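What follows is each chain in one-letter form.
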Amino acid sequence: AQKVTQAQTEISVVEKEDVTLDCVYETRDTTYYLFWYKQPPSGELVFLIRRNSFDEQNEISGRYSWNFQKSTSSFNFTITASQVVDSAVYFCALRGIQGAQKLVFGQGTRLTINP
Amino acid sequence: EADIYQTPRYLVIGTGKKITLECSQTMGHDKMYWYQQDPGMELHLIHYSYGVNSTEKGDLSSESTVSRIRTEHFPLTLESARPSHTSQYLCASTSGAYNEQFFGPGTRLTVL
């Protein structure tokens, strides 16, 4: 069975601080995909990144960066110089490549950036 | 930009009413999904479809039903709504194993 754990339920930081959201996953698949989604108060899910299990290179996109470590089954997300607009619930998700390719979501981390 | 639409965005109804939540995508995706989410909580898959005339139940048991008569359309129906159905319902679609799921804006359902 696949499982995603986001141990941090809520994080609150002051603007301009760096913040890291943790994600740990479990799967028996050798090929799989990991995702991060952002859900602002409006409720929509906004896709941030997709990473496949064969690509362990870290990725940076502006103030966002992701650290994928297969050895520890982790896919952590860091926001540098946080801004109030980053306030949202962030979800990590896992998907295999067989069958329906269902997304398995973590519990989400509610991030609040205070001015 | 994802072209997946859900209507209505918000719905408040009384117990016992029959409702249909609409979901449409214009990307020609074969796989479509319905997730249920309590506010700020994790998403649970309740239905999915591989393509036309294919529907399957998801990981979370749901009293809702779905149909897939056309590729672009994947409506969800509740025959008799109850307060326990109050939640947000998110529709998603994807074109395959290597691509992300695109999500619609969601329908926030409140059953009084």
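Before reading further, recall that the structure is shown in the block above.
Residues numbered from 1 in each chain as written. Chains lettered and ligands numbered in written order. Predicted model: local features only at pLDDT ≥ 70, side-chain atom pairs only at ≥ 80, totals over all residues. Heavy atoms only, no water.

## Regarding unusual backbone geometry
Note the threshold: Helical segments are the DSSP runs of H or I of at least four residues, strand segments are the runs of E of at least two, and each set is numbered from the N terminus.
Here the residue pair B:Thr7 and B:Pro8 is connected by a cis peptide bond, since its omega of -10 degrees sits within 30 degrees of zero. Looking at the element boundaries, B:Pro8 is found in the loop between β1 (4-7) and β2 (10-13). The phi angle at A:Ser73 is positive, at roughly 50 degrees, despite the residue not being glycine. Mapped onto the fold, A:Ser73 is located in the loop between β8 (64-69) and β9 (74-79). The phi dihedral of A:Ala81 falls on the positive side, at around 50 degrees, and the residue is not glycine.

## Some thoughts on the sheet that holds strand β8 (residues 76-78) of chain B
Residues and elements named next belong to chain B. The following threshold applies: Strands were regarded as paired on the criterion that DSSP finds at least two bridges between them.
Here 4 strands make up an open sheet; going across it, the order is β1-β3-β8-β7 and the pairing antiparallel. The open sheet has two edge strands with one neighbour each: β1 and β7 (65-66). Relative to strand β3 (residues 19-25), β1 runs antiparallel, the two sharing 4 bridges. Counted as the bridge partner of glutamine 6 is cysteine 23 from β3.

## So, the interface of chain B and chain A
Filter applied, for reference: By the convention used here, residues are in contact when the closest approach between their heavy atoms is within 4.5 Å. When two parts are brought into contact, each loses some accessible area as probed by a 1.4 Å sphere; the total of that loss over both is the buried area. What makes a salt bridge here is a side-chain nitrogen of Lys or Arg within 4 Å of a carboxyl oxygen of Asp or Glu, nothing more. Polar contact is defined as a pair of N or O atoms within 3.5 Å, subject to the rule that within protein one atom must be able to donate a hydrogen and the other to accept it, and that residues adjacent in sequence are counted only when both atoms are side-chain atoms.
Facing the 25 residues of chain B at the interface are 24 residues of chain A. Both sides of the chain B and chain A interface together cover about 2000 Å² of buried area, and 49% of this is carbon and sulfur. The interface formed by chain B and chain A includes 2 salt bridges. In this structure, B:Asp59 and A:Lys102 form a salt bridge, with 3.3 Å as the shortest nitrogen-oxygen distance. For the pair chain B and chain A, the interface holds 6 residue pairs in polar contact (both at pLDDT 80 or more). Elements with a contribution of two residues or more to the side of chain B that touches chain A: β4 (31-37), β5 (43-49) and β9 (87-94) of chain B.

## Notes on the state of the cysteines
Defined simply, a disulfide is a covalent bond joining two cysteines at their sulfur atoms. Threshold: Counting rule for disulfides: a pair of cysteine sulfur atoms within 2.5 Å. Classification of residues uses two cut-offs on accessible area relative to the type maximum, computed with a 1.4 Å probe and protein chains only: under 20% is buried, over 50% is exposed, and between them is partly exposed.
Counting across every chain of the model gives 2 disulfides over all chains. Across the disulfide, A:Cys23 is cross-linked to A:Cys92 (sulfur-sulfur distance 2.0 Å). Judged by the sign of its S-S torsion, about -65 degrees, the bond between A:Cys23 and A:Cys92 is left-handed. Of this pair, A:Cys23 sits in the loop between β3 (19-21) and β4 (24-26) while A:Cys92 sits in strand β10 (residues 88-96), placing them 69 residues apart in sequence. No difference in accessibility class separates A:Cys23 from A:Cys92, as the two residues are buried. The disulfide partner of B:Cys23 is B:Cys91, and the gap between their sulfur atoms is 1.9 Å. With the S-S bond torsion at -75 degrees, the cross-link from B:Cys23 to B:Cys91 turns out left-handed. In this pair, B:Cys23 is assigned in strand β3 and B:Cys91 in strand β9, connecting sequence segments 68 residues apart. On the basis of relative accessibility, which here comes to 0%, the residue B:Cys91 falls in the buried class.

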